[in-house]
Amino acid sequence: MKCKNCSSQLSTENNYCEHCGAKVINYRLSLKQLWGEFKLNFLSFDHTFFNTFWSLLTQPQHVINSYIGGTRKKYLNVVSFFVIALTLVGFQLFIQRKFYPESLQVGTMFGTDFFGTNLDWIYENYSLIQLVNLPLYAFIAKLSFFNYKKFNYTEHLVVMTYLTAENTILTSIFLLIAVNFGGNMYELSNYFNLFFFLYTCYAYKKLYPLRWIELFTATVLFITIITILMVFLTMVGVGYAFMTN
Ligand SMILES: [Zn+2]
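What counts and what doesn't
Within every chain, residues take consecutive numbers counted from 1 along the sequence as written. Restriction of local features to residues with pLDDT of at least 70 applies here, the model being predicted, together with a cutoff of 80 or more for giving and counting side-chain atom pairs; totals for whole chains, interfaces and linings are based on all residues. To get the side-chain values, all heavy atoms of the structure are used, and hydrogens and water are removed first. Only DSSP runs of H or I with at least four residues qualify as helices, and only runs of E with at least two residues qualify as strands; both kinds are numbered from the N terminus onward. Relative accessibility under 20% of the residue-type maximum defines a buried residue, over 50% an exposed one, and the middle range a partly exposed one, all with a 1.4 Å probe and only protein chains included. We call two residues in contact when some of their heavy atoms are within 4.5 Å. To measure how exposed things are, a 1.4 Å probe is used in the Shrake-Rupley method; for residues, cover is taken only from the protein chains shown. Only four residue types enter the tally: Lys and Arg on the positive side, Asp and Glu on the negative side; His and the chain ends are excluded. Where a charge lies is defined by one atom per residue type: Lys uses NZ, Arg uses CZ, Asp uses CG and Glu uses CD. What makes a salt bridge here is a side-chain nitrogen of Lys or Arg within 4 Å of a carboxyl oxygen of Asp or Glu, nothing more. Counted as donors are N, O and S atoms no farther than 2.8 Å from the metal, or 3.2 Å for Na, K and Ca; water is not among the atoms, and sites may therefore look incomplete. Every angle between 85 and 135 degrees makes a four-donor site tetrahedral, while opposite donors more than 155 degrees apart, with all other angles between 65 and 115, make a four-donor site square planar and a six-donor site octahedral; other sites are irregular. Angular values range over 0 to 180 degrees, each being the angle between N-to-C directions of two axes fitted as lines to C-alpha atoms, with helices fitted over their stretch in contact. Left-handed describes a crossing whose near helix is turned anticlockwise from the far helix by less than a right angle; the clockwise case is right-handed. Residues are sorted three ways: Asp, Glu, Lys and Arg are charged, Ala, Val, Leu, Ile, Met, Phe, Trp, Tyr, Cys and Pro are nonpolar, and all the rest, Gly among them, are polar. UniProt positions are given in the numbering used here, feature names are shortened, and annotations may be inferred rather than shown by experiment. Each patch is built from residues lacking any salt bridge and having more than 30% relative accessible area; the joining distance is 9 Å for like charges and 5 Å for nonpolar side chains (Val, Leu, Ile, Met, Phe, Trp, Tyr). Put simply, a nonpolar core is a bunch of buried Ala, Val, Leu, Ile, Met, Phe, Trp, Tyr and Cys residues held in one set by side-chain atoms that sit within 4.5 Å of each other. Annotation comment: domain bounds sourced from an automatic or database domain assignment.

**Student:** Is there a simple way to think about the overall build of the chain in this case?
**Tutor:** Across its full length, the chain holds eight helices and zero strands. Put simply, the chain runs from its N terminus to its C terminus through helices and strands in the order α-α-α-α-α-α-α-α. By its C-alpha atoms, the chain is 70 × 50 × 40 Å across when sized along the principal axes. The 245 residues of the chain split such that 33% are buried. Restricting to contacts in the chain with at least 6 residues of sequence separation, those with at least 24 account for 65%. For the chain, the computed accessible surface area is about 16,100 Å², with 67% contributed by carbon and sulfur atoms. Once the 17 positive and 12 negative side-chain charges of the chain are each reduced to a mean point, those two points are 12 Å apart.

Put into structure tokens, the structure is as follows:
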């Protein structure tokens with residue numbers, strides 16, 4: 001018999017293909033089988049997802065150190081978790097734009113007309129923006145912990161992706177509830193940012209682990225680097241806008 005997925009020869013006693021790892025299936029599909037697959041995949045996924053979500057909130061170092069250390073079954077891997085977060089935020093923005101457009105209205109301090117078109121672009125490319133931000137966050141994190149050997153750049157990227165995804169899921173759920181009570185995304189965003197900041201500090205303190213003074217030093221470094229970067233990018237942006245009128 002040959003493997004139905006990769007066509008390599010199977011030895012009869014194996015339940016899984018030695019070459020590609022696919023399960024050997026010899027039975028006719030039935031509702032019972034289908035239900036079995038559903039239970040195995042969806043319900044166990046469900047369990048793993050909530051376990052990951054809850055652990056990331058309370059003991060983020062368990063999830064992140066497990067993944068970096070090579071554990072794969074206990075918690076949801078970082079890529080799937082991030083994809084779920086992006087799916088949820090896509091759903092949240094869809095609901096907001098369709099049913100609660102007032103929750104996306106920018107306050108008077110910006111001037112709605114000027115930002116209107118640009119913001120639409122942001123909503124439609126939210127995943128893309130997140131994907132550009134993460135390597136940047138990881139890079140600044142690596143610089144902020146330049147005197148620590150524990151994580152390399154890729155591992156910082158995993159840390160930042162898990163933390164961003166967790167934060168995204170929390171704010172999405174919160175927003176989906178808050179819009180029903182007249183909540184505005186931009187008015188709430190300061191609280192969200194403050195939460196993300198504190199949560200990131202908490203996670204990094206647990207991850208290394210850091211003493212308070214070490215956490216403080218790394219945080220000051222992080223804020224300094226990101227401020228310099230923002231000033232630089234703003235100058236480039238203003239310069240570009242000025243030159244192109
Ligand atoms: Zn195979």
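**Student:** I keep staring at helix 2 (residues 60–69) and nothing clicks. Help me out?
**Tutor:** In an α-helix there are 3.6 residues to a turn, and that puts residues three or four apart on one side. Along helix 2, the residues that are buried comprise P60, Q61, V63, I64, S66 and Y67. Those residues of helix 2 hidden inside the fold are in contact with helix 1 (31–58), helix 3 (78–99), helix 6 (153–178) and helix 7 (185–207). At the exit of helix 2 stands G70, carrying a positive phi of roughly 110°.

**Student:** Is there a simple way to explain the pattern of salt bridges in this structure?
**Tutor:** When charged atoms on two side chains of opposite charge get close, those side chains can pair. Tallying each qualifying case throughout the model produces one salt bridge. Salt-bridge contacts for E214 lead to R211; the nearest nitrogen and oxygen are separated by 3.5 Å.

**Student:** Just to check I follow, could you spell out the coordination of the zinc ion for this structure?
**Tutor:** Octahedral six-donor coordination of a metal ideally yields angles of 90 or 180 degrees, compared with 109.5 degrees for tetrahedral four-donor coordination. Coordination of the zinc ion by the protein comes from C3 (SG), C6 (SG), C17 (SG) and C20 (SG), over a distance range of 2.3 to 2.4 Å. Coordination geometry of the zinc ion: the four donor atoms subtend angles of 108 to 111° at the metal centre, consistent with an arrangement described as tetrahedral. In the primary sequence, the donor residues of the zinc ion line up as C-x2-C-x10-C-x2-C. A residue pair is termed long-range when its members are at least 10 positions apart, and C3 in the segment before helix 1 and C17 in the segment before helix 1 qualify at 14 residues. C17 carries the same exposure label as C3, and that label is buried.

**Student:** Hey, could you run me through the packing of helix 6 against helix 7 in this one?
**Tutor:** Two quantities define a packed helix pair, namely the angle between the helix axes and the distance between the axes. Running from N to C, helix 6 and helix 7 cross one another at 145°; their axes reach a closest spacing of 10 Å. In the packing of helix 6 onto helix 7, the handedness of the crossing is right-handed. Counting all contacts with helix 6, which are made through H156, V159, M160, L163, T164, E166, N167, L170, T171, F174, L175 and A178, the residues of helix 7 involved are M185, L188, F192, F195, F196, Y199, T200, A203, Y204 and L207. Looking at the contact of helix 6 with helix 7 residue by residue, the class counts come to 16 nonpolar, five polar and one charged.

**Student:** For this particular structure, what's the right way to read the environment of K205?
**Tutor:** Its place among the elements puts K205 in helix 7. Judged by relative accessible area, K205 falls into the partly exposed class, the value being 22%. Separated by eleven residues in the primary sequence, K205 and F216 have C-alpha atoms spaced 9.8 Å apart.

**Student:** Would you mind showing me how to read the UniProt feature "transmembrane region" (unreviewed entry) in the chain here?
**Tutor:** According to UniProt, the positions carrying the feature "transmembrane region" (unreviewed entry) are residues 75–95, 126–145, 157–182 and 216–243. With 86% helix and 0% strand, residues 75–95 has its two end C-alpha atoms placed 29 Å apart. Along residues 157–182 the backbone is 85% helical and 0% strand, and the end-to-end C-alpha distance reaches 35 Å.

**Student:** How should I be thinking about a nonpolar patch on the surface in this particular structure?
**Tutor:** A cluster of nonpolar side chains, contributed by I25, Y27, L29, L31 and L34, occupies part of the molecular surface with about 520 Å² of accessible area. With respect to the helices and strands, I25 occurs in the segment before helix 1. Given the relative accessible area of 32%, I25 is considered partly exposed.

**Student:** Even after reading the chapter, I still don't get the nonpolar core, so can you show me in this structure?
**Tutor:** Nonpolar side chains tend toward joint burial in soluble globular proteins. Residues F81, Y162, L163 and Y204 are the most contacted members of the largest nonpolar core, which totals 35 residues. Looking at this core, the elements that each hand over two or more residues are helix 1, helix 2, helix 3, helix 5 (126–144), helix 6, helix 7 and helix 8 (212–243). Examining the composition of this core, we find that seven residues originate from one element, helix 6, more than from any other. Counting the residues that make up this core, at least three belong to each of domain 1 (1–58) and domain 2 (60–243). Within the second largest apolar cluster, ten residues are counted, among which are L93, A178, M185 and L188.

**Student:** Hey, could you run me through the environment of S172 in this one?
**Tutor:** Positionally, S172 belongs in helix 6. Residue classification places S172 among the buried residues on the basis of a relative accessible area of 0%. It is 9.2 Å that separates the C-alpha atoms of S172 and G90, two residues lying 82 residues apart in sequence. Not counting the four nearest positions on each side in its chain, S172 is found in contact with L88, V89 and Q92.

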